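Structural description and commentary
In case you want the letters, here they are:
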Amino acid sequence: MSFILLKMKKARIYTILVFFCLCSSIAQADFYDKKLTGTVIGTSKSVDYANDQPTTTVNTRECAFDGDLTTYFAAYDRSYAWVGLDLGEPHIITFVAWAPANRSRAGERMLLGVIEGANSPDFMDALPLYIITEVGTAMKMSYANISCSKGFRYVRYVGPSDMRCNIGELEFYGHAGEGDESNLYRLTNLPTVSIHTEGNVEPYDKIHNIKAVITVISDRGKVLRSDTGVVRLRGNGSISFPKKPYRIKFNEKHRVVDSPAKAKKWTLINNYGDKTLMRNLLAFELSRCMDMPYTPYGQSVDVLLNGEYKGNYQLCDHIDVKKNRVELVDTLKEERADSLSVTAYLVEVDARASGEPCWFKSAKGTPMTIHYPDDDEISDLQKVYIEENFNRMEDEWEKYLDLNTFLRHFLVGELSGNTDTYWSVYMYKHRENDTIFTGPVWDFDLAFDNDKRTYPVNSKSDYVYRSGGSTTGNMKVFADNIIVRNANAQVQIRNIWDKARHDRINEKHLLAYVDSLEESLQQSQMLNFIRWPIMNEIVHMNHTVFGSYKAEVQNVRRFISERLLWMDKKLGYTYIDDGIAMTKMDLSQPYQVFNMAGQPCNSNLECLSTGIYVVKQGHQAAKIKIR
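Only a predicted model underlies this, so the values are computations on that prediction, with no experimental measurement involved.

So, about the nonpolar core. Ranked by size, the top nonpolar core spans 92 residues in total, and within it Ile 482 and Trp 497 carry the most contacts. By residue number, the principal contributor to this core is helix H9 (residues 549-570), which donates eight residues. Those residues in contact with Trp 497 that sit more than four places away from it in its chain are Met 290, Leu 411, Leu 415, Ile 505, Leu 564, Met 567, Asp 568, Leu 571 and Tyr 573. In terms of nonpolar packing, the next biggest core, distinct from the first, is built from 40 residues, Val 96, Trp 98, Met 110 and Leu 224 among them.

Set out below in structure tokens:
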């Protein structure tokens, strides 16, 4: 009997401890904060699972606030459904609690659900407060502290895609107050981009702009950029993926996150077929290492659309003519008229140009999209001039092509193993001269050995653009005339490569950059592949299922190490790591110096010309580099 009593006392003690732990968790927010009440709002039509029909009497939104864990709200709409409260006045939310619906797969149905706060009843100005990242249990409440300094009148839960907003109970805790924007919530360590469209309309094509409020939260939640604007779909092949790419346009110019450019237009690249989520960013780093005049800005972000989590994206420059983007000298921009034909321009060798509003096919059959002047500004004479000017460059590239940018663009494409290098090529010309420049680099989701049509790239004996890579129009012949058949271009390629190899195009720098991207993407990639569970599937042009994010990234590391050696061999170049210069030699003691052929050299290192030498001292020998 005494033993049974002891067990009962222990059970009571355990219950009390659980109660105090819960109270302690709530107290971490603010002990004086109370459970908030208000008018229930949300998706009006619920679903009657008995007949799968819409209803206003069964599984209604009021069930999420009735205090009964056996009832639940289930919307008739499968996606973008929500339920919440009108609190009557702004409140700073410090704590939330929720329970999954009392039905099958209960916890999974709330995974990636989002809590939002707003001060407009249409939630156009909504900011995220929390994303649910763990599977809950039916008939059991889950809890989370909220870290957001701004007050909201309207609060809601937005269910994840295709889950009908199934939720058993929802509770908000907090206190009245307007608050401020000094500490805002981000979904992960990355910036959060939140888009709310007018009428909750989901972007559906590349033509129709949907009115929206676009918000970017960055700098650890300390910086908010929010403005009205528009959003639409973008891309060519990528637009067909379940995870859609977007183009956003603010009504005013903004410098987002740490971007160099202040602009209205930005892209959100979906990177669906790139399971590392980093190939474009890595290629941009190659472009910087190759000293390209302009490399697009790119930043990994988490994206919400109307409160629904869409995944990890790359917030990136829209390629246009602007300061800190493609900077064109166009002295007569303000004087354009039908009588003016000579102009600066930005064009793209574009295999899909025929689907664009302003395009032409060159005399040699290369499809070209005109990006600048804009479609609504360009005159007929300017179109004719651009076409004739490009045709002339194709015929006389030695005279009119800037070889420096073309070759650097080529090296970025080949080093990354990009199969699309000559499928899409941006080129531009200033008004003041006839030279056509190449760049910026763009579109690398199939690079770094991610294309089954060319995998394994490093097993090929020739450049990827000549051995299975996608080219359009006359671009393969055009590139061959320069890369393969022109001796001066070949010398210049090796000179560019030599400088780049001893700068940042080496394993130490590039693999460290991959490491940094992998670390920064850890939190976001986990959410992304919950939303898009494709890690064990072949999607787009994948050649192999590696089975994990870590293995996907390791494949990129392997490719880079192998590709550097492949490029050295192809270019007839011998690379000697700068690390040899770190070898310690006691130059106060006698030593001998030899060149790489083993011939003795001047014994004074300070008198040697630039090059690689072997220094022998006693029984030790070391290579050194003289700059």
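This next bit is on the sheet that holds strand E11 (residues 192-197). The mixed closed barrel is built from seven strands, whose spatial order is E11-E12-E13-E14-E15-E17-E16. Each adjacent strand pair in this sheet contributes to an overall mean axis angle of 35°, direction not counted. Pairing of strand E15 (residues 263-269) with strand E17 (residues 308-317), which is carried by four bridges, proceeds in the antiparallel orientation. Across the sheet, Thr 267 pairs through a bridge with Cys 316, a residue of E17. On the sheet, helix H8 (residues 507-531) packs against strand E16 (298-305) and E17 and is oriented at approximately 130° with respect to E17.

Sheet strands pair by backbone hydrogen bonding; their relative direction is either parallel or antiparallel. Pairing in this open sheet of five strands is antiparallel, and the strands run E19-E20-E18-E21-E22 from one edge to the other. Bordering the open sheet on either side are strand E19 (359-361) and strand E22 (436-438), each of which pairs with just one other strand. Taken pair by pair, the neighbouring strands of this sheet meet at an average axis angle of 30°, ignoring direction. Strand contacts of helix H3 (residues 380-395): strand E18 (345-350), E19, strand E20 (367-372), strand E21 (424-429) and E22, with the helix running at about 60° to E18, the strand carrying the most contacts.

In this chain, Gly 439 is followed by Pro 440 through a cis amide linkage whose omega measures 5°. Within the secondary structure, Pro 440 is located in the loop between E22 and helix H6 (475-483). The step from Tyr 455 to Pro 456 runs through a cis peptide bond, and the omega angle for that step is -10°. The backbone of Asn 59 sits at a positive phi, close to 55°, despite the residue not being glycine. Mapped onto the fold, Asn 59 is located in the loop between strand E4 (53-55) and strand E5 (82-99).

By the secondary structure assignment, Ser 142 is in strand E8 (residues 142-145). In this structure the C-alpha to C-alpha distance between Ser 142 and Ala 99, which are 43 residues apart in sequence, comes to 6.1 Å. Not counting chain neighbours up to four residues away, the residues in contact with Ser 142 comprise Val 96, Ala 97, Trp 98 and Gly 136.

Looking now at the pattern of salt bridges. In a structure, side chains of opposite charge can pair up when their charged atoms sit close to one another. For the coordinates displayed, the defined rule picks out 31 salt bridges. A salt bridge links Asp 434 to Arg 392, with the nearest nitrogen and oxygen atoms 3.4 Å apart. You can see Asp 434 sitting in the loop between E21 and E22 and its partner Arg 392 sitting in helix H3, a full 42 residues away along the chain. Residue class for Asp 434 comes out partly exposed when judged on its relative accessible area of 33%. You can call Arg 392 partly exposed: its relative accessible area is 28%. The salt bridge involving Arg 453 is made with Asp 451; its shortest N-O contact spans 2.7 Å. Residue classification places Asp 451 among the buried positions, given a relative accessible area of 1%. Through salt bridges that share partners, Asp 462, Arg 466, Lys 476, Asp 480 and Lys 570 make up one connected network.

For H8, built from 25 residues, the straight-helix expectation of 36 Å at 1.5 Å per residue is met to within 8% by its first-to-last C-alpha distance of 33 Å. Of all the bends in H8, the greatest measures close to 55° and is centred on Gln 522.

Take Arg 247: it is sitting in strand E14 (residues 246-254). Look at Arg 247: it is buried, it has no salt bridge, and the nearest opposite charge is Asp 320 at 8.0 Å. Not counting residues within four places of it along the chain, the set of residues in contact with Arg 247 comprises Asn 209, Val 230, Val 231, Arg 232, Leu 233, Arg 234, Lys 265, Trp 266, Thr 267 and His 318.

Next up on the list: the layout of surface pockets. Empty space among the atoms becomes visible once a probe the size of a water molecule is rolled across them. Reported here for the second largest pocket is a volume of approximately 320 Å³. Taken together, 19 residues line the second largest pocket, and the ones lying closest to its centre are Leu 281, Arg 288, Tyr 297, Gly 298 and Tyr 513. For the lining of the second largest pocket, the secondary-structure elements that each account for two or more residues are helix H2 (279-289), E16 and H8. Residue contributions to the lining of the second largest pocket peak at four residues, all from H8. Taken together, the residues of the lining of the second largest pocket break down into 10 nonpolar, seven polar and two charged.

We now examine H9. Taking 1.5 Å of rise per residue, 22 residues should cover 32 Å, and H9 covers 31 Å from first to last C-alpha, within 8% of that figure. The first or second residue beyond H9 is Gly 572, which carries a positive phi of 65°.

What follows is about a positive patch on the surface. Taken together, the side chains of Arg 225, Lys 253, Arg 255, Lys 262, Lys 264 and Lys 323 present a region of like positive charge at the surface. Residue placement: Arg 255 occurs in the loop between E14 and E15. Under the relative-accessibility criterion, Arg 255 is labelled partly exposed at 39%.

For the coordinates displayed, the defined rule picks out 21 aromatic pairs. Ring centres 6.3 Å apart and planes at 90° place the aromatic pair Tyr 272 and Trp 532 in the edge-to-face group. With Tyr 272 in the loop between E15 and H2 and Trp 532 in the loop between H8 and H9, the pair connects residues that are 260 residues apart, well separated along the chain. One aromatic cluster in this structure is built from Phe 406, Phe 410, Tyr 422, Tyr 463, Tyr 465, Phe 478 and Trp 566.

The subject of this paragraph is the pairing of strand E7 (residues 127-131). One face of the sheet, then the other: side chains in a regular strand alternate in exactly this way. Most of E7 is tucked away: five of the five residues are buried. Bridge count between strand E6 (residues 114-118) and E7: four bridges; the pairing is antiparallel. In the strand pairing of E7, Glu 116 is matched with Pro 128.

Before going further, it helps to spend a moment on the pairing of E17. Burial analysis of E17 places 10 of its 10 residues in the buried class, the great majority of the element. Note: E16 against E17, eight bridges, orientation antiparallel. The residue bridging Leu 304 from the neighbouring strand is Tyr 309, located in E17. In sequence, E16 turns back onto E17 through a hairpin of two residues, with Asn 306 there showing a positive phi of about 50°.

Applying the stated criterion across every chain yields a total of four cavities of 30 Å³ or more. Of the pockets and cavities examined, the largest cavity occupies roughly 80 Å³. Surrounding the largest cavity, His 409, Gly 413, Asn 418, Asp 420, Thr 421, Ser 424, Val 425, Tyr 426, Pro 440, Val 441, Trp 442 and Phe 444 form its lining. Residue assignment for the lining of the largest cavity shows that the elements contributing at least two residues are helix H5 (403-415) and E21. Ranked by residues supplied to the lining of the largest cavity, first place goes to E21 with three residues. Classifying every residue of the lining of the largest cavity by side-chain character gives six nonpolar, five polar and one charged.

Rules and cut-offs
- Residues numbered from 1 in each chain as written.
- Predicted model: local features only at pLDDT ≥ 70, side-chain atom pairs only at ≥ 80, totals over all residues.
- Heavy atoms only, no water.
- Core = buried A, V, L, I, M, F, W, Y, C linked by side-chain atoms within 4.5 Å.
- Buried < 20%, exposed > 50% of the residue type's maximum accessible area, 1.4 Å probe, protein only.
- Helix = DSSP H or I, 4+ residues; strand = E, 2+ residues; numbered from the N terminus.
- Contact = heavy atoms within 4.5 Å.
- Pairing = 2+ DSSP bridges.
- Axes fitted to C-alpha atoms, helices over the stretch in contact; angles between N-to-C directions.
- Salt bridge = Lys/Arg side-chain N within 4 Å of Asp/Glu carboxyl O.
- Expected span 1.5 Å × (residues − 1).
- Bend = angle between axes of the 7 residues up to and from the residue.
- Lys, Arg positive; Asp, Glu negative; His and termini not counted.
- 1 Å grid on protein atoms, 1.4 Å probe; cavity = no way out; pocket = protein on both sides within 12 Å on 5 of 7 lines; lining within 4 Å.
- Points joined across faces, edges and corners; volume = space filled by probe spheres on them.
- Nonpolar A, V, L, I, M, F, W, Y, C, P; charged D, E, K, R; others polar.
- Patch = residues over 30% accessible without salt bridge, like charges linked within 9 Å, V, L, I, M, F, W, Y side chains within 5 Å.
- Areas by Shrake-Rupley, 256 points an atom, 1.4 Å probe, with all protein chains shown as cover.
- Charge placed at Lys NZ, Arg CZ, Asp CG, Glu CD.
- Phe/Tyr/Trp six-rings, centres within 6.5 Å; stacked < 30°, edge-to-face > 60°.

Structural measurements only, silent on function.
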